[in-house]
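# Observations on chain architecture
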Amino acid sequence: MDDTAVVIAFWVMAVLTLVSALMVAMVHDLIHAVLFLILSFVGVAGLYVTLSADFVAVVQVLIYAGAISVLMLFSILLTPRSARDNAAVSYAAPIASLAILVGIVLSYAAVETNWAKNTNEFGSTAREIGNALLDPYVLPFEVASILLVVAMVGAIILVRPAEEAARADGDQA
Amino acid sequence: MTALLLPFLNWYDFDPFRDLYNWLDKQVDPWLVYLISGIIGCTGILTFVGLGALINVWLERRIIGRMQVRRGPNRVGPWGLVQPVADAIKLIQKEVLQPDLADSRLFNLPPILVFIPAMLSFAVFAWAPDMVLANLDVGVLYLLALSSITALAIFIAGWSSNNKYALLGAMRVIAMMISYEVPMVMALLAPVLLVGTMNVSGLVAWQADNGPLAIFVPLSLIVYILSATAELNRTPADIAEAESEIVAGYHTEYSGMKFGLFYAVELVNSLAVSAIMASLFFGGWALFGIDDFIPAWLIFILKIYVFYFGLIWLRGTLPRFRIDQLMGLAWKMLLPLSLINVAVIAVEVLIWEEGDFGSWILAPFALINIALALGLLMLFFRLITAKLYRLPRRVILVRDIQVPNLPAPQAAVALQPPAATP
Amino acid sequence: MIEIEHVLVVGGILFSIGLFVALSRRNAVGVLMGIELMLNSVNVNLIGFAKLSESPTPITGQVFAVFVITVAAAEAAVALALAVSVYRYRQSIDVDRLDLLKW
């Protein structure tokens, strides 16, 4: 795209996302880390908007920043005696070098490959995604809904209090 | 390039602005035109939001006072009209306290963070046929995503106060808000299914041709009103910030203008919810073609304030629900209702598309939907208030109990002193 | 101009930061934060390809991204339920102390 404003917006969002992701690793308080994670989610949603994916951007804000972040905050709340200082394990320095190596390899592969480039224009992405979900990709769509039900039931069973589980088993026995 | 930008710039409905736009378009680069028209549009919306926050304070207190058979504020100006200014000055001059152990950076963030989604939600409304600030193709979903961010800001407010009651209030608010998001999303899914677009001005244009969506999806409207009242934390669903319940909940530790921001956000959010109801269910700027004579944005603003009056009416009349009653309402009544609603509307859209009918089929659909809405609501109200134990159908009086026939009592034997023992 | 290489490099750096966070946190919720960052970087790549690469059905990238978001939500729910459950029995979600399965 040859629109300078979109390019500027892309780089602003990219820098915001990467800096917040780095701060997730650096801050010394777990709640601050979760808040920087939420900021990086919103930054990624901004990246999607600059790449003409408006539906996916709104879904990202709705699900990641709206629901998954709430899940993480609640699970921090429900584990009060765990350390909240966002500490790194003792072998963090080798992990950092590993991560930097992985980043270098990925960037090198990205820059050196001869991609088949084309700038695609979309109509209403919501409509096109909807058509795609019901025509070619209807089987993954149904499997994803089953996956969500299984995950919901699994999560509920995992956190049931022990006496309620015993009572339920007693009812069945 | 201007053709690409035009969909985002169609907020102008006034001839002077249109002339200004055309003149600017010839003079400067397109991106500068875009920026200037964006700034003008944002200024207009912020003016409305600011004035709305001020007027709503007065409206709420005055109308609730009248509903409670008292006068409401009437000292500070004619009919108490300067009361919001007096409130603002009082809040500004208060000492801003911060608990010693509260997380300083996190403590100052929520009053700002909770205002951002409230203001952003005004960007997608269609004030007139050509007047939209951001003509998003996913407008309805955008409005729903903003309410999730509000829940996060409230949680941060409760957490950073270092106060047990604030945290408890924040957890209640989050539990309620995420519970009510699900029926709200599904309730707004039904009109989107019927119309075929998530674009808010597209929905309003459809309603200008075919009539208000409230008669086609009445169950959606009712579910949306109930969910939105709970999302706004207004009475009857304000368990999280009620003073007699939990010492003002998540905004206990906030004083001065920070509390003023929370209060203002509740009013601005109510205005946004009224605007959503007016746009999506009652036609937005369209009112039987009156918008040839009266400016369309004036009709829209009047509709917003009619529904805002409805919200104030709910607040002034109903008592407060308990938190378990509220969660039960969300999961046991509103979610099944909205699911059934989506299923019925989907079947109707299928019949409409496959059968190649014209628009006349919307009328029987509307009648079916209204009848279904009334029937389902009555059924669910019966179910949700059903007693879990049996009471006798009629009070049993003591004298109705049949006494079994006992033999007549014997003649009383006179008491005699015990025989003297030898 | 936004080129495909720029998007992929941003995704790659985000992936490496996510990898670092996932492998080096002591708290189980911190590990989950790293995993979510990695899934987000994958999504960035997919959306970039949808927009900037030649394809008969360019919308496939965005559909794939929606599926990744869905699966990430399900996985976060189960992972956090596991963390809370482990906390209930061991009073800690410090990954250094959850080593019952070690030799």
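For clarity, every value in this text was computed on a predicted model and none was experimentally measured.

## What to know about the overall build of chain A
- Scanning chain A for helices and strands turns up seven helices and zero strands.
- Going from N to C terminus, chain A has its helices and strands arranged as α-α-α-α-α-α-α.
- Over its C-alpha trace chain A gives a radius of gyration of 21 Å, far above what one expects of a compact globule, namely 16 Å for 173 residues.
- With the C-alpha coordinates of chain A rotated into their principal frame, the extents come out at 65 × 50 × 25 Å.
- A separation of at least 24 residues holds for 58% of the contacts in chain A among residues at least 6 apart in sequence.
- Accessible area for chain A stands at about 9100 Å²; split by element, carbon and sulfur atoms hold 71% of it.

## Quick notes on the overall build of chain C
- For chain C, the helix and strand inventory stands at three helices and zero strands.
- Put simply, chain C runs from its N terminus to its C terminus through helices and strands in the order α-α-α.
- Seen along its three principal axes, the alpha-carbon backbone of chain C occupies a region of about 50 × 25 × 25 Å.
- Relative to its full complement of 103 residues, chain C shows a buried share of 58%.
- Taking as baseline every contact in chain C between residues at least 6 positions apart, the subset at least 24 positions apart corresponds to 56%.
- For chain C, the accessible surface area stands at approximately 4100 Å², while carbon and sulfur atoms represent 68% of it.

## Here's the deal with the interface of chain C and chain A
- Taken together, the contact between chain C and chain A spans 68 residues of the former and 83 residues of the latter.
- Both sides together, the interface formed by chain C and chain A hides about 6900 Å², and carbon and sulfur atoms give 75% of it.
- For the chain C face of the interface with chain A, the top three residues by lost area are C:Ile2, C:Met33 and C:Lys51, together amounting to 11%.
- The tally of links from chain C across to chain A stands at two salt bridges.

## Concerning the nonpolar core
- Counting 176 residues, the largest nonpolar core has A:Val56, B:Phe122, B:Trp127 and B:Tyr224 as its most contacted members.
- With 16 residues, the top contributor of residues to this core is helix α3 (residues 54-77) of chain A.
- The residues touching A:Val56, leaving out its near neighbours within four places in the chain, are A:Tyr48, A:Ile129, C:Ile47, C:Gln62, C:Ala65, C:Val66 and C:Ile69.
- Grouped together as the second largest cluster of nonpolar side chains are 18 residues, B:Val223, B:Ala230, B:Ala237 and B:Ala373 included.

## So, the packing of aromatic side chains
Residues and elements named next belong to chain B.
- On inspection of all chains with the given rule, the structure shows 20 aromatic pairs over all chains.
- For the ring pair Trp 206 and Phe 216, a centre distance of 5.6 Å and an interplane angle of 75° mean the geometry is edge-to-face. With Trp 206 in helix α9 (residues 200-210) and Phe 216 in the loop between α9 and α10 (218-231), this pair connects stretches of sequence that are ten residues apart.
- Using a relative accessible area of 13% as the deciding quantity, one classes Trp 206 as buried.
- Three or more aromatic residues joined by ring pairs form one cluster here, namely Phe 48, Phe 122, Phe 125, Trp 127 and Phe 300.

## Details of the interface of chain A and chain B
- Between chain A and chain B, the residue contacts involve 23 residues of the former and 22 residues of the latter.
- For the chain A and chain B pair, buried surface summed over both sides reaches about 2100 Å², with 81% attributable to carbon and sulfur atoms.
- Our count for the contact surface shared by chain A and chain B stands at zero salt bridges.
- The interface formed by chain A and chain B includes one residue pair in polar contact (both at pLDDT 80 or more).
- For the side of chain A that touches chain B, the secondary-structure elements that each account for two or more residues are α2 (30-50), α3 and α5 (125-134) of chain A.
- Sorting elements by how many residues they give to the side of chain A that touches chain B places α3(A) first, with 13 residues.

## Some remarks on the arrangement of the chains
- Ranking the two pairs of chains in contact by contact count places chains A and C at the top.
- At no point do chain B and chain C touch; the closest pair of C-alpha atoms across them sits 14 Å apart.

## Observations regarding the side chain of C:Ser85
- With respect to the helices and strands, the residue C:Ser85 is situated in helix α3 (residues 60-90).
- Looking at C:Ser85, its side chain comes within polar contact range of the main-chain oxygen of A:Leu158, at 3.4 Å.

## Things to note about the pattern of salt bridges
- Evaluation of the coordinates by the stated rule reveals seven salt bridges over all chains.
- Between B:Glu60 and B:Arg315 there is a salt bridge; the shortest N-O distance is 2.4 Å. Of this pair, B:Glu60 sits in helix α3 (residues 30-67) while B:Arg315 is found in helix α13 (residues 296-317), placing the two residues 255 residues apart along the sequence.
- Linking B:Asp324 and B:Arg322 is a salt bridge whose minimum nitrogen-to-oxygen distance equals 2.9 Å.
- For B:Asp324, a relative accessible area of 44% gives the class partly exposed.
- Look at B:Arg322 and you get partly exposed, because its relative accessible area is 48%.
- A network of salt bridges, in which partner residues are shared, links A:Lys117, C:Glu3 and C:Glu5.

## Focus on a nonpolar patch on the surface
Residues and elements named next belong to chain B.
- A cluster of nonpolar side chains, namely Leu 51, Leu 54, Ile 55, Val 76, Trp 79, Leu 81, Val 82, Val 85 and Ile 89, defines an oily patch on the protein surface of about 810 Å² accessible area.
- Of all the elements, α3 adds the most residues to the nonpolar patch, at three residues.
- Position of Val 85 relative to the elements: it lies in helix α4 (residues 83-92).

## So, the packing of helix α2 (residues 28-52) of chain C against α3(C)
Residue and element names in this part refer to chain C.
- Close contact between α2 and α3 brings their axes to 8 Å; oriented N to C, the two are set at 175°. Comparing their axes, α3 and α2 come out roughly antiparallel. For the pair formed by α2 and α3, the contact residues are Val 29, Leu 32, Ile 35, Glu 36, Leu 39, Asn 43, Leu 46, Ile 47 and Ala 50 on the first element and Gly 61, Gln 62, Phe 64, Ala 65, Val 68, Ile 69, Ala 72, Glu 75, Ala 76, Ala 79 and Leu 80 on the second.
- Tallied by class, the residues present in the contact of α2 with α3 amount to 15 nonpolar, three polar and two charged.

## Looking at α10(B)
- The end-to-end C-alpha distance of α10(B), which contains 14 residues, comes to 20 Å, matching closely the 20 Å that a straight helix rising 1.5 Å per residue would cover.
- As for α10(B), its buried residues are in contact with α7 (139-160), α8 (164-195), α12 (257-282), α13, α14 (323-355) and α15 (362-384) of chain B.

## Concerning the confidence of the model for chain C
- Looking at chain C as a whole, the pLDDT averages 93, with 100% of positions reaching at least 70.
- For this predicted complex, the interface confidence reaches an ipTM of 0.93, while the overall pTM sits at 0.88.

How each quantity is defined
- Residues numbered from 1 in each chain as written.
- Chains lettered and ligands numbered in written order.
- Predicted model: local features only at pLDDT ≥ 70, side-chain atom pairs only at ≥ 80, totals over all residues.
- Heavy atoms only, no water.
- Helix = DSSP H or I, 4+ residues; strand = E, 2+ residues; numbered from the N terminus.
- Rg over C-alpha atoms; globule rule 2.2 N^0.38 Å.
- Contact = heavy atoms within 4.5 Å.
- Areas by Shrake-Rupley, 256 points an atom, 1.4 Å probe, with all protein chains shown as cover.
- Buried < 20%, exposed > 50% of the residue type's maximum accessible area, 1.4 Å probe, protein only.
- Buried area = accessible area lost by both parts, 1.4 Å probe.
- Salt bridge = Lys/Arg side-chain N within 4 Å of Asp/Glu carboxyl O.
- Core = buried A, V, L, I, M, F, W, Y, C linked by side-chain atoms within 4.5 Å.
- Phe/Tyr/Trp six-rings, centres within 6.5 Å; stacked < 30°, edge-to-face > 60°.
- Polar contact = N/O pair within 3.5 Å; in protein donor to acceptor, adjacent residues only side chain to side chain.
- Patch = residues over 30% accessible without salt bridge, like charges linked within 9 Å, V, L, I, M, F, W, Y side chains within 5 Å.
- Axes fitted to C-alpha atoms, helices over the stretch in contact; angles between N-to-C directions.
- Parallel < 35°, antiparallel > 145°, perpendicular 65-115°, else oblique.
- Nonpolar A, V, L, I, M, F, W, Y, C, P; charged D, E, K, R; others polar.
- Expected span 1.5 Å × (residues − 1).
- pLDDT = per-residue confidence, 0-100.

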